[in-house]
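Here are the chains, one letter per residue:
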Amino acid sequence: MGLLATGTPLAWPAAKQEAHLVREWGIEQLLAIWNRAKGKERDALLWGDEIEYLVVVYDTEHKKVALSLRQADILDALANDEALCKKGGCVPDLQSVASHGDALPIFHPEFGRFMLEATPGKPWGIGLKDLLEVEPNMKWRREIAINHMEPNEYPITLTTFPRLGTRDTFTTPYYPPSGERLRSQFLPDEIANPHIRFPTLAANIRARRGRKVEINVPIFVDTKTPRPFNDPTIEYDRHKWPEDDDVRNGAAREDHIYMDAMAFGMGSCCLQITFQAKNITEGRRLYDQLSPLGPIMLALTAATPIYKGFLADTDVRWNQISRAVDDRTPEELGEKPLKHDRWRIPKSRYASNSTYISQDPRLRKEYMDPDLVVDQGLKQRLQDGGMDDLLATHFAHLFIRDPIVIFGEDLQKLDLSKTDHFENLQSTNWQHMRFKPPPPDKDTGWRVEFRPMEIQITDFENAAFSVFIVLVTRAILSFDLNFYIPIPLTTQNMETAHVRDAVLGQNFHFRNDPLPPRPVKTNGFTSGTCTPSHTSRPPSPAGPVEDEHSLMTINEIINGQAGGGTFPGLIPLVESYLNSVNVDVETRCELARYLDLIRKRASGQLWTGAKWIRDFVWKHREYKSDSVVSAEIEYDLLKAVEEITRQEGKGRGIGREMLRVDEIGKRQTGQSACG
């Protein structure tokens with residue numbers, strides 16, 4: 001999250017009147033960026049990662065754990081640390097940050113007052129050795145954060161707090177629920193960052209919908225789970241706000257865990273990776289080719305099996321966040337005939353991608369989303385301004401949404417040297433990939449953001465998944481890989497990724513043969529030519545699209561198909577890339593540790609975080625086989641998570657089912673034996 005703008009926010013009725021103006025001005029700012037940066041060439045191949053933490057506070061005497069709402073105090077402590085200030089500072093929201101020698105990690109606020117965001121102090125470069133710095137840097141970030149917290153606080157990297165929204169105390173300090181902004185039965189307004197953008201965002205989403213957000217997650221049915229399951233935390237006789245009628249009107253589904261506020265979604269943590277391409281062409285190519293990988297990585301990083309103190313029958317966070325910021329009206333949802341709104345919108349503004357944007361001759365019209373909604377007027381304006389059809393369609397699709405937070409001061413005059421109106425819409429379309437134009441005030445190139453992955457418990461795991469995605473991008477560019485499948489299949493894959501233990505039990509649509517018909521030059525970290533070890537089929541005529549893809553397991557997608565299958569596997573493709581470039585033995589062995597983790601997660605030899613958490617709950621002495629995660633179970637779980645973070649499964653430590661770090665990397669890499 002970047003620096004937060006300030007001003008006087010408009011309540012929804014006033015914001016609605018200005019929405020069209022903001023869209024129009026946003027398009028004009030986009031065209032200014034386009035004309036200024038469309039020919040930008042030879043930007044450095046850089047990338048960065050983003051880690052988010054939940055800050056928890058332990059009450060060891062009573063064996064309870066809560067969320068610490070001291071985000072502002074922790075950031076103040078970081079900004080006022082004289083030693084950190086001498087090194088350049090690390091909180092750009094509160095101080096001027098400059099790099100002196102080794103750049104300090106950067107810390108930002110997030111939506112929840114219990115969250116911190118941390119990024120490296122400068123982007124990672126293109127050298128393979130840079131990849132070995134990621135894990136130590138992640139550990140350094142966590143260490144710095146810990147050193148500026150209270151002794152009983154700890155920054156954990158779990159997706160969600162297990163008992164967020166229960167009827168007992170889950171924050172320190174405690175605030176009662178049902179404030180004016182969220183109007184939630186379960187959460188207080190004070191749980192959100194007090195910066196005016198966040199409560200306004202929550203309030204205006206609710207106002208635009210005409211009701212609170214509705215988040216229903218299927219309950220995991222155990223042997224003693226009540227059937228039917230009716231969420232016992234709901235108060236049906238609450239009458240404080242008009243929206244309290246929602247549950248009486250059927251908002252809460254049977255056999256589901258019910259949640260009713262933006263904070264249940266935007267209070268989730270994730271792992272995001274941003275790539276800077278050498279030019280717009282390469283950026284558009286990466287956007288398209290990484291898109292089908294999103295659901296695969298979502299399933300492979302699954303880590304979210306608990307909501308509001310109950311075991312869920314899903315493993316990942318994505319749909320819960322999607323519903324938490326879904327501002328669609330009943331007409332846009334298709335619940336009522338169109339009368340006041342312009343169109344029916346199939347997806348939330350937090351959803352999987354609906355567009356491809358690369359001018360790639362391999363991109364067939366059959367791959368596109370047949371249900372795509374586009375603002376034709378804005379698309380025509382972009383095309384009149386010189387933008388091509390594909391990219392104009394992409395942005396005109398994003399701009400079907402209304403801006404949710406509008407500051408009155410920004411409506412005085414259009415400033416084409418700024419991007420505030422463009423970013424108002426761009427930054428509140430939370431798709432699993434994001435295409436980011438260069439900002440006007442920095443020497444930054446065209447960027448692509450990979451957003452679907454779940455945060456992992458340890459820095460080792462987060463580094464492994466980060467490094468893996470970086471290496472996949474290098475293989476894509478080096479081998480001219482083609483992962484295109486129809487967009488509706490990626491949408492379907494995103495749903496499949498939510499299924500419990502999808503990494504082992506589900507099949508995903510994926511392209512059969514990603515390889516080009518001839519050898520290509522590498523253009524990754526270093527020069528050289530290579531041919532992947534898998535021999536490609538000759539190009540076939542443009543036959544039925546259905547013949548280009550099939551259903552595969554995660555193991556087949558990551559490790560390759562056996563028994564005559566055509567898909568070589570992402571890890572074999574990455575290893576073919578590494579074989580083609582000059583990698584010293586030490587670097588190759590270190591990278592092998594990360595690839596082994598990915599390989600074994602895909603094959604089932606190592607568990608996902610979601611599976612480990614479920615198993616911990618099931619085996620806990622307090623668990624009564626009724627789907628309930630009690631306060632004592634939560635305390636022991638988070639203490640175990642902290643121990644895993646510190647020990648990373650070494651020796652006979654807890655969490656070995658996910659990690660077994662001492663065994664990872666002891667294998668042949670193709671160059672040498674590691675371990």
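What you see is a predicted model; the values in this text were computed from it and never measured.

1. Thoughts on the nonpolar core
The nonpolar side chains of soluble globular proteins are, as a tendency, buried together.
Move 1: If you look at the biggest cluster of nonpolar residues, it comprises 187 residues, and the most contacted ones within it are Leu187, Phe468, Ile558 and Trp612.
Move 2: Looking at this core, the element that brings in the most residues is helix H15 (residues 459–479), giving 14 residues.
Move 3: The residues contacting Trp612, other than those within four sequence positions of it, are Ile457, Trp607, Leu637, Ala640, Val641, Ile644, Ile654, Gly655, Glu657 and Met658.
Move 4: In terms of nonpolar packing, the next biggest core, distinct from the first, is built from eight residues, Tyr356, Tyr367, Tyr484 and Ile485 among them.

2. Here's the deal with the confidence of the model for the chain
Move 1: Of the residues in the chain, 93% have a pLDDT of 70 or more, and the chain-wide mean is 92.
Move 2: Below a pLDDT of 50 lies the segment residues 665–673, which in the model reaches 25 contacts outside its immediate sequence neighbourhood of four places, other chains included.

3. Things to note about helix H9 (residues 280–290)
Move 1: Burial analysis of H9 places ten of its eleven residues in the buried class, which makes it a mostly covered element.
Move 2: Taken as a whole, H9 has its buried residues at Ile280, Glu282, Gly283, Arg284, Arg285, Leu286, Tyr287, Asp288, Gln289 and Leu290.
Move 3: For H9, the capping residue at the N-terminal end is Asn279, with a side-chain oxygen 3.2 Å from the backbone nitrogen of Thr281.

4. Notes on the packing of helix H19 (residues 570–580) against helix H20 (residues 585–603)
Move 1: Running from N to C, H19 and H20 cross one another at 170 degrees; their axes reach a closest spacing of 11 Å. If you check the angle between H19 and H20, you find them roughly antiparallel. Contact residues: H19 offers Ile571, Val574, Glu575, Leu578 and Asn579, while H20 offers Arg588, Leu591, Leu595, Ile598 and Arg599.
Move 2: Tallied by class, residues from the contact of H19 with H20 come to six nonpolar, one polar and three charged.

5. Things to note about the environment of Leu69
Move 1: Along the chain, Leu69 falls in the loop between strand S2 (64–68) and helix H2 (71–79).
Move 2: Sequence separation between Leu69 and Met149 is 80 residues, and the spatial gap between their C-alpha atoms is 12 Å.
Move 3: Not counting chain neighbours up to four residues away, the residues in contact with Leu69 comprise Arg113, Phe114, Thr171, Thr172, Pro173, Tyr175, Glu190 and Ile191.

6. Observations concerning the pairing of strand S4 (residues 115–119)
Move 1: Of all five residues that make up S4, five are buried, and the element is covered over most of its length.
Move 2: Burial along S4 is two-sided: the residues Met115, Glu117 and Thr119 and Leu116 and Ala118 are all buried.
Move 3: In terms of strand pairing, strand S1 (residues 46–59) meets S4 through four bridges, oriented antiparallel. Among the inter-strand pairings, Leu54 is bridged to a residue of S4, identified as Met115.
Move 4: Across four bridges, strand S3 (residues 106–109) lies against S4 in antiparallel orientation. Within S4, the position partnered with Pro109 by the bridge is Leu116.
Move 5: Connecting S3 to the antiparallel partner S4 that follows it, the hairpin turn spans five residues.

Reading the values: rules and limits
- Residues numbered from 1 in each chain as written.
- Predicted model: local features only at pLDDT ≥ 70, side-chain atom pairs only at ≥ 80, totals over all residues.
- Heavy atoms only, no water.
- Core = buried A, V, L, I, M, F, W, Y, C linked by side-chain atoms within 4.5 Å.
- Buried < 20%, exposed > 50% of the residue type's maximum accessible area, 1.4 Å probe, protein only.
- Helix = DSSP H or I, 4+ residues; strand = E, 2+ residues; numbered from the N terminus.
- Contact = heavy atoms within 4.5 Å.
- pLDDT = per-residue confidence, 0-100.
- Polar contact = N/O pair within 3.5 Å; in protein donor to acceptor, adjacent residues only side chain to side chain.
- Axes fitted to C-alpha atoms, helices over the stretch in contact; angles between N-to-C directions.
- Parallel < 35°, antiparallel > 145°, perpendicular 65-115°, else oblique.
- Nonpolar A, V, L, I, M, F, W, Y, C, P; charged D, E, K, R; others polar.
- Pairing = 2+ DSSP bridges.

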